[in-house]
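Chains, contacts and geometry: an overview
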There are 2 protein chains.
Amino acid sequence: MARKDRAAGALRASVTMDDIARLAKVSKPTVSRAFQNSPLVKPQTRQRILEIARQQGYAVNQNASKLRAKRTNSIAVVMHLPAQAPVGAGAPFMFQLLGDVSQGLWIRGQDVLLCAPVSDDVYAYQDLLLSKRADGIIFLGQGAGDGWLRDLGRTDVPFVVWGGVRDAPAYCTVGSDNQRGGVLAGRRFESLGRRDILFLGNTSHLEMRQRRDGLAQGLGEAGSDARIEDLELADFTFETALDAMGRRLARGERMDAIFAGSDTIAMAAITALRAAGLRTPQDVSVIGYNDMPLAAHFEPPLTTIRQDTRHAGTLLVEKLFQLIDGGRPVSTKLPTELIVRAT
Amino acid sequence: MARKDRAAGALRASVTMDDIARLAKVSKPTVSRAFQNSPLVKPQTRQRILEIARQQGYAVNQNASKLRAKRTNSIAVVMHLPAQAPVGAGAPFMFQLLGDVSQGLWIRGQDVLLCAPVSDDVYAYQDLLLSKRADGIIFLGQGAGDGWLRDLGRTDVPFVVWGGVRDAPAYCTVGSDNQRGGVLAGRRFESLGRRDILFLGNTSHLEMRQRRDGLAQGLGEAGSDARIEDLELADFTFETALDAMGRRLARGERMDAIFAGSDTIAMAAITALRAAGLRTPQDVSVIGYNDMPLAAHFEPPLTTIRQDTRHAGTLLVEKLFQLIDGGRPVSTKLPTELIVRAT
DNA sequence: TTGTACGCGTTATCAT
DNA sequence: ATGATAACGCGTACAA
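Residues numbered from 1 in each chain as written. Chains lettered and ligands numbered in written order. Predicted model: local features only at pLDDT ≥ 70, side-chain atom pairs only at ≥ 80, totals over all residues. Heavy atoms only, no water.

Surrounding DNA strand C, one finds 25 residues, the nearest of these being Arg33(A), Met17(B), Lys28(B), Ser32(B) and Tyr58(B). Within 4 Å of the protein, atoms of DNA strand C come from sugar and phosphate in 57% of cases. In this structure, Ser27(A) approaches DNA strand C through a main-chain N or O atom, which is 2.6 Å from a phosphate oxygen. Of all the secondary-structure elements, those providing two or more residues to the surface near DNA strand C are helix H3 (28–35) and helix H5 (62–69) of chain A together with helix H3 (28–35) and helix H5 (62–69) of chain B. Partitioned by chemical class, the residues of the surface near DNA strand C number ten nonpolar, eight polar and seven charged. (Near = heavy atom within 4 Å. Polar contact = N/O pair within 3.5 Å; in protein donor to acceptor, adjacent residues only side chain to side chain. Helix = DSSP H or I, 4+ residues; strand = E, 2+ residues; numbered from the N terminus. Nonpolar A, V, L, I, M, F, W, Y, C, P; charged D, E, K, R; others polar.)

Structure, rendered in structure tokens:
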């Protein structure tokens, strides 16, 4: 009832800690301690203070608190959101990852500051810390070329990255074992006797390049003479992939296997093949990446590389806090698995 | 070069405005004005101040700024993220919407505070404002039952909502014209002579209920004697829908048309029908909702209701700021269109 | 267990 | 066009 009244009422003009202290007949620091669950304050006193605060519709001013305590308790999450551009291939996966990461952050009582990768300028990200808006940064995706991330790694900005893990990472990364994923695809094609392989993606993205490198390795292991060609995609949307594949096929170029950088791209490829009168997998074998939920129910069900991302979010958050606490967390490659379905 | 040095170097222990003022041989307020692009400060002075700030790796402490200025320049965006739960039906759409909204916010120089709908407790959201963490709230989705939103509407918390628009909205809403979408589906089934309609969704969600109500209306317009049954889904994932449909079909229950609450649900329904030996659209006609990118390329291509969401994000942001500035923005229903494909 | 005194880094007000 | 001064609301030493 009391709550309902307050909820329905107007927000008073800035009730402060002083007001609560006065009403509770204690001093301001005691109120402060009560709100921090300090063991120093007698439970009874605490109760009374909190009750009065509720009645007054009071909440601790976080800006004052952050200013004083010199901690923001917020983490910036930087990712490419589907804005004006159509939503791309990794989108469902990235959305899931955002959810996991946020969850991990909320559990630790951190605010999540959502940011777009405005520029590759190191300064823009340093600014997040300098202006005391966040205590650390989580990058979801490296974008094309991670040179700026390597630069950022040389500063003392605490940050972790979801993306391709380098052999000697200049910054803490969590990502799928893309190379191994590629190897699995390569071996599969090899065992199917495929010779003319098309890689569908964009090798300026580290993750994609690693997948492609793995593909070459997996094919080469058996001393195969298979050829790999690349079709570089400007973005990773269904439409772009469909269009690029359609034009390639119209030019009469053929292949007997496709390794796609994502499931969405793989679906687009199969759609383009069908439009050109080519059958999957009889004429062209196709492997995707991610094992997105719809992959299993696509027609035909998609053969793909599954990455074990259950703990990716948690890992990223844990490592970031290790970093903030002065630790030196290591990068992690998540295991990868070939899911053979119909393509 | 100077930038590179700074970027590579350590963050000095809290450079403050005082330091910059001293180095630039001006007073603190002048530095403050310089950073606010105040016309009061001579361009030349401004240049010098900013240059020195760069060199020193200085950025205005936002917490101090917010405390003093009593504005946070941040907006909370509250949405259900795909966390532990599998990613649901509306997910791609919601992700897109999040992107649009964030974009609109960033353009206005607002920080985006990402929040989960922790509870339906009005107080939790009031707290965001009381604790000065945000100036307003954007809710992406109403959840099951919007009573708490109606309560919140009685407070002076500035907020807007994406979701179902009521006839006499108790709060500012932007959403698809769900009722009309349902009518279009109903008329379509009517013209196809379908009689046993299944609605696949969850009517405790306002948007879904409006779609279902529209369906009934569209069917009834021609004096049809069609029957509508409901299959209530616990969540809107592909798997859940597939499972629920599978069990219903196993029980021998039949229908000759399905109106699904989303495209993902529609795809699951078609998959379940196929598994039961039923053909779409010969045996069962199916209509989805959203016209998600993959809908056109599903096999068979999905007939669906498209909502014009291009400006949804912009609209939400605009209306929220009208609210913050003391205005009374009206709710908006976005037009809706039947896209006839193969189902 | 609680209170006193001070400063966190900024911006607003007023004066010059 | 710029400077002096006083808050903004809180948390932390330190004292009691």
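Our focus in this paragraph is the protein's contact with DNA strand D. Around DNA strand D sit 26 residues in total, of which Ser32(A), Tyr58(A), Arg68(A), Ser27(B) and Arg33(B) are the nearest. Atoms of DNA strand D within 4 Å of the protein belong to the sugar or the phosphate in 57% of instances, the rest to bases. Between a base nitrogen of DNA strand D and a side-chain N or O atom of Arg68(A), the distance comes to 2.4 Å. A distance of 2.9 Å is found between a phosphate oxygen of DNA strand D and a backbone nitrogen or oxygen belonging to Lys42(B). For the surface near DNA strand D, the secondary structure elements donating two or more residues are H3 and H5 of chain A together with H3 and H5 of chain B. A total of four residues in the surface near DNA strand D trace back to one element, the largest contributor, which is H3(A). Taken together, the residues of the surface near DNA strand D sort by class into ten nonpolar, nine polar and seven charged.

Residue and element names in this part refer to chain A. For the bond from Thr280 to Pro281, the omega torsion is 5 degrees, close enough to zero to count as cis. Counting through the fold element by element, Pro281 comes out in the loop between helix H12 (263–275) and strand E9 (285–289). In this model, Lys25 sits at a positive phi of 55 degrees, which is unusual for a non-glycine residue. The topology assignment puts Lys25 in the loop between helix H2 (17–24) and H3.

To continue, consider the nonpolar core. Formed by 86 residues in total, the largest nonpolar core has its most connected members in Leu200(A), Met245(A), Ile258(A), Leu200(B), Met245(B) and Ile258(B). With near-sequence residues (within four places) excluded, Leu200(B) lies in contact with Leu231(B), Leu233(B), Met245(B), Ile258(B), Phe259(B), Ala260(B), Gly261(B), Ile265(B) and Ala269(B). (Core = buried A, V, L, I, M, F, W, Y, C linked by side-chain atoms within 4.5 Å. Buried < 20%, exposed > 50% of the residue type's maximum accessible area, 1.4 Å probe, protein only. Contact = heavy atoms within 4.5 Å.)

Our next topic: the packing of aromatic side chains. This model, assessed by the stated rule, comprises 19 aromatic pairs over all chains. Ring geometry for Tyr125(A) versus Phe139(A): centroids 5.0 Å apart, planes at 80 degrees, classification edge-to-face. With Tyr125(A) in helix H7 (residues 122–130) and Phe139(A) in strand E3 (residues 136–140), this residue pair connects regions lying 14 residues apart in the sequence. For the pair formed by Tyr125(A) and Phe139(A), the shared burial category is buried. Measuring from centroid to centroid gives 5.9 Å for Phe159(B) and Tyr171(B), while their planes differ by 35 degrees, and the two rings are tilted. Of this pair, Phe159(B) sits in strand E4 (residues 159–162) while Tyr171(B) sits in the loop between E4 and strand E5 (173–176); the two residues are twelve residues apart in sequence, bridging distant segments of the chain. With respect to class, Phe159(B) is no different from Tyr171(B); both count as buried. What links up through ring pairs into an aromatic cluster is the set Tyr125(A), Phe139(A), Trp148(A), Phe159(A) and Tyr171(A). The aromatic ring of Tyr123(B) is capped on one face by Arg54(A), whose charged end is 4.9 Å from the ring centroid. (Phe/Tyr/Trp six-rings, centres within 6.5 Å; stacked < 30°, edge-to-face > 60°. Lys NZ or Arg CZ within 6 Å of the ring centre and 35° of its normal.)

Structural measurements only, silent on function.
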